[in-house]
Protein chains: 2
Amino acid sequence: MADAAVFDVIGTLFDREPARRSLVDLGAPPSAFEAWFQRLLHEAATVTLLDSYRPFKELAASALTTTLAQLGLDPSRTEPLDALAELDPYPEAAEALARLRDAGAAVVTLTNGSADSTRQLLNRGGLGELVDEIVSCDEVQRFKPHRAPYELALERVGRPATMIAAHGWDVLGARAAGLATIWVDREEQQWPFPLEAPARAADLAAAADLFLER
Amino acid sequence: MADAAVFDVIGTLFDREPARRSLVDLGAPPSAFEAWFQRLLHEAATVTLLDSYRPFKELAASALTTTLAQLGLDPSRTEPLDALAELDPYPEAAEALARLRDAGAAVVTLTNGSADSTRQLLNRGGLGELVDEIVSCDEVQRFKPHRAPYELALERVGRPATMIAAHGWDVLGARAAGLATIWVDREEQQWPFPLEAPARAADLAAAADLFLER
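Predicted, not measured: the structure shown is a model, and the values here were computed from it.

A word on the overall build of chain A. Helices and strands together make up the secondary structure of chain A, namely nine helices and eight strands. Expressed along its principal axes, the backbone C-alpha trace of chain A runs to roughly 55 × 35 × 35 Å. The 214 residues of chain A split such that 57% are buried. Considering only contacts in chain A between residues 6 or more positions apart, those separated by 24 or more positions represent 62%. Treating the 20 positive side-chain charges of chain A as one cloud and the 33 negative ones as another, the clouds have centres 2 Å apart.

All right, on to the sheet that holds strand 7 (residues 180–184) of chain A then. All names here are of chain A. Spatial strand order, 5-4-1-6-7-8: six strands in an open sheet with parallel pairing. The sheet is open, and its two borders are formed by strand 5 (133–136) and strand 8 (199–201), each paired with just one other strand. Sheet twist, expressed as the average angle between the axes of neighbouring strands with direction ignored, equals 25°. With three bridges joining them, strand 7 and strand 8 adopt parallel strand pairing.

This brings us to the relation of the copies chain B and chain A. Expressed as a screw transformation, the operator carrying chain B onto chain A has a rotation angle of 180° and an axial translation of 0.0 Å, and the superposed copies differ by an RMSD of 0.0 Å. Such a turn and shift between the copies fits a two-fold axis. Within chain B, Ala35 of chain B has its C-alpha nearest the rotation axis, a separation of 1.9 Å.

Okay, the packing of helix 2 (residues 31–49) of chain A against helix 3 (residues 56–70) of chain A next. For any two helices packed against each other, one specifies the crossing angle of their axes together with the interaxial distance. Residue and element names in this part refer to chain A. At their nearest, the axes of helix 2 and helix 3 sit 9 Å apart, and the two run at 135° to each other. Taken together, the axes of helix 2 and helix 3 lie oblique to each other. Considering how the two elements wind past one another, helix 2 and helix 3 form a crossing that is right-handed. For the pair helix 2 and helix 3, the contacting residues are Ala32, Ala35, Trp36, Arg39, Leu40, Leu41, Glu43, Ala44 and Val47 in the first and Phe56, Leu59, Ala60, Ser62, Ala63, Leu64, Thr66, Thr67 and Gln70 in the second. Of the residues in the contact of helix 2 with helix 3, the class split is twelve nonpolar, four polar and two charged.

What follows deals with the packing of aromatic side chains. Inspection of the entire model under this criterion finds 14 aromatic pairs over all chains. Where Phe33 of chain A meets Trp36 of chain A, the ring centres are 5.9 Å apart and the plane angle is 85°; that geometry is what we call edge-to-face. Pair noted here: Phe33 of chain A and Trp36 of chain A are both in helix 2, with a separation of three residues, about one helical turn. Trp36 of chain A matches Phe33 of chain A in its accessibility class, with the two residues each being buried. Between the aromatic rings of Phe56 of chain B and Phe143 of chain B, the centroid separation amounts to 5.8 Å while the plane-to-plane angle is 55°, which identifies the pairing as tilted.

Take the pattern of salt bridges next. On inspection of all chains with the given rule, the structure shows 40 salt bridges over all chains. Linking Arg142 of chain A and Asp51 of chain A is a salt bridge whose minimum nitrogen-to-oxygen distance equals 3.7 Å. Of this pair, Arg142 of chain A sits in the loop between strand 5 and helix 7 (147–157) while Asp51 of chain A is found in the loop between helix 2 and helix 3, placing the two residues 91 residues apart along the sequence. Given the relative accessible area of 22%, Arg142 of chain A is considered partly exposed. Of the charged contacts in the structure, one is a salt bridge between Arg20 of chain B and Glu17 of chain B, with a shortest N-O distance of 3.1 Å. Of this pair, Arg20 of chain B and Glu17 of chain B both sit in helix 1 (residues 17–25), separated by three residues, roughly a single helical turn. Several salt bridges converge on common partners, so that one network encompasses Arg16, Glu17, Arg20, Glu34, Glu187 and Glu188 of chain A together with Arg39 of chain B.

This part takes up the interface of chain B and chain A. Accessible area lost on assembly of the parts is the figure often given for the size of an interface. At the junction of the two partners, chain B supplies 42 residues and chain A supplies 42 residues. By the criterion of area lost to chain A, the three top residues of chain B are His42, Leu49 and Pro194 of chain B, representing 18% of everything that side buries. Across the chain B-chain A interface, the total number found is four salt bridges. Note that Arg39 of chain A and Glu34 of chain B form a salt bridge whose closest N and O atoms lie 3.3 Å from each other. On the surface where chain B and chain A come into contact, there are twelve residue pairs in polar contact (both at pLDDT 80 or more). Of all elements in the fold, only helix 2 (31–49), helix 3 (56–70) and helix 8 (168–176) of chain B reach the threshold of two or more residues within the side of chain B that touches chain A. No other element matches the 14 residues that helix 2 of chain B contributes to the side of chain B that touches chain A. Looking at the side of chain B that touches chain A residue by residue, the classes come out as 22 nonpolar, 13 polar and seven charged.

Moving on: the domain arrangement of chain A. Residues and elements named next belong to chain A. Each domain of chain A was delimited in the assignment, giving domain 1 (4–15 + 87–213) and domain 2 (17–84). Each of domain 1 and domain 2 has a C-alpha centre, and the two are 22 Å apart. Taken together, the contact between domain 1 and domain 2 spans 14 residues of the former and 19 residues of the latter. Between domain 1 and domain 2, the buried area comes to about 1,400 Å², and carbon and sulfur atoms account for 62% of it. Split into classes, the residues belonging to the side of domain 1 that touches domain 2 amount to six nonpolar, four polar and four charged.

The rules we used
Residues numbered from 1 in each chain as written. Chains lettered and ligands numbered in written order. Predicted model: local features only at pLDDT ≥ 70, side-chain atom pairs only at ≥ 80, totals over all residues. Heavy atoms only, no water. Helix = DSSP H or I, 4+ residues; strand = E, 2+ residues; numbered from the N terminus. Buried < 20%, exposed > 50% of the residue type's maximum accessible area, 1.4 Å probe, protein only. Contact = heavy atoms within 4.5 Å. Lys, Arg positive; Asp, Glu negative; His and termini not counted. Charge placed at Lys NZ, Arg CZ, Asp CG, Glu CD. Pairing = 2+ DSSP bridges. Axes fitted to C-alpha atoms, helices over the stretch in contact; angles between N-to-C directions. Least-squares fit on C-alpha atoms with pLDDT ≥ 70 in both. Parallel < 35°, antiparallel > 145°, perpendicular 65-115°, else oblique. Left-handed = near helix turned anticlockwise from the far one by under 90°. Nonpolar A, V, L, I, M, F, W, Y, C, P; charged D, E, K, R; others polar. Phe/Tyr/Trp six-rings, centres within 6.5 Å; stacked < 30°, edge-to-face > 60°. Salt bridge = Lys/Arg side-chain N within 4 Å of Asp/Glu carboxyl O. Buried area = accessible area lost by both parts, 1.4 Å probe. Polar contact = N/O pair within 3.5 Å; in protein donor to acceptor, adjacent residues only side chain to side chain. Domains from an automatic or database assignment.

So this is what it looks like as C-alpha cells:
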C-alpha cells in the first residue's frame, strides 16, 4: 500500500489568481492580495495561539476589511471573498492526482478552510472524484500549522503520509507532526524561513514525480 | 501607584514609514510592505506554534527574501531590514510617555524584536529616558501573541498593566493574558478580527488620555 499524499488546497491545488484579480478590480495593486492573505493567515495563527477559534471564512472577511481600509478602498466590498469560492485548479492538478491514485496512494486534502467549501471547490474544479478524504481544521478547531490538524489527517489515512504544500509554514507544520514533505515553490519562489529547506517541486506534476520516486 | 503602560514598539511607538519607503525605492508598490510584514508576523507565529524559535531579525530577513522574489525584485537586497533600525517615533510619542510617567505610571515596551535593537531605537528616537523597562520576546523564546511574553511583562512590572498597541493581534494576546488594552487604530483603521473590539485611540496622545481617565 502506497503512502498518502496530503495536499493543501488554496494556493497548492488551486490557483489564487481570481482572488488576486478581484482585489485589483477594486483598485488595489497586485501585492495587496499577498497583504490580505498573509494577514488572514496570521489571524488564523493568532486565534490558534490563544486557544480560540473562528471559521477561516470569518477571518478572511475581517482581514479583508482592514486590508481595504488600509488601501483607502471601500471596506464593505466582498468580491474577493466570493472569488475564493471560484478558484480554478492548476492545469496539471487532475493528472497529477490521477497518477497518484493509479499508483495506490491515498489522495487527501487538508485545509484551513471548511470541508464544505473545499468539497465545492473540488467538485467545481473537476477534482472531486480524485480525492479520497477531505480533512478540515474545523474538525479540531485549530488551524495549521498547529500539529492537531496534521495528526488528524494521519489518523484518518492510517498510513505514512507526505504533505504537498505551496507554503513554507505548512511544510514546517507537517514536518513537526511527522509527515514527509514536498514544497511546491511556484508561489513563494524563495524558501521563506531561516530553517532547513524541504524537497521542492516546480508544480504538482513534479511533486507527484517526487512522491512516486521515494 | 498607577498601573503600568505597556507599549508595543514597531508600528505603535515608531512609524514604519521608512521601511515602507525603502521597499518602494527597490521598485515595490506601497502595499508590498504590508505583505512583507504580515508574512514576517505569520512566520513568528508559526515558529511559536511549533515550539521552535528564531530571532525576529532572522525571520524578517527570510520573509523579505520571499517577498522580493514574489515581486520579481532582487531577493538579495537588504535595505528594508536596515530601515527597520532607523524608524522615527511618532511625533506625539515623547510627550505621551512623559505625561504617563508624570502621573506615576510605569512605562514599559514589549516587543517581538530584540531588547538590543529596541534600546537602540528608543535611544536614537529620544525615548530612552522615558522608558522604565524593555521586555523582549527573546527572553521567553515565544513571540506575541503567545501569552508567555505578556506574562513576563506583568511579572516584571508587578502591578496591573494596560497594553497599548497598533495591532489587533497584539491587543488580543494581551487581553488573553489578563492585561487591559487600548488599540491605536491609525495603522489598521478597521478592527481586523471577528471578535470583540477593544477601546480605541487615534494616536498615542489619545491613548495616554484614555489610560489616565481610567
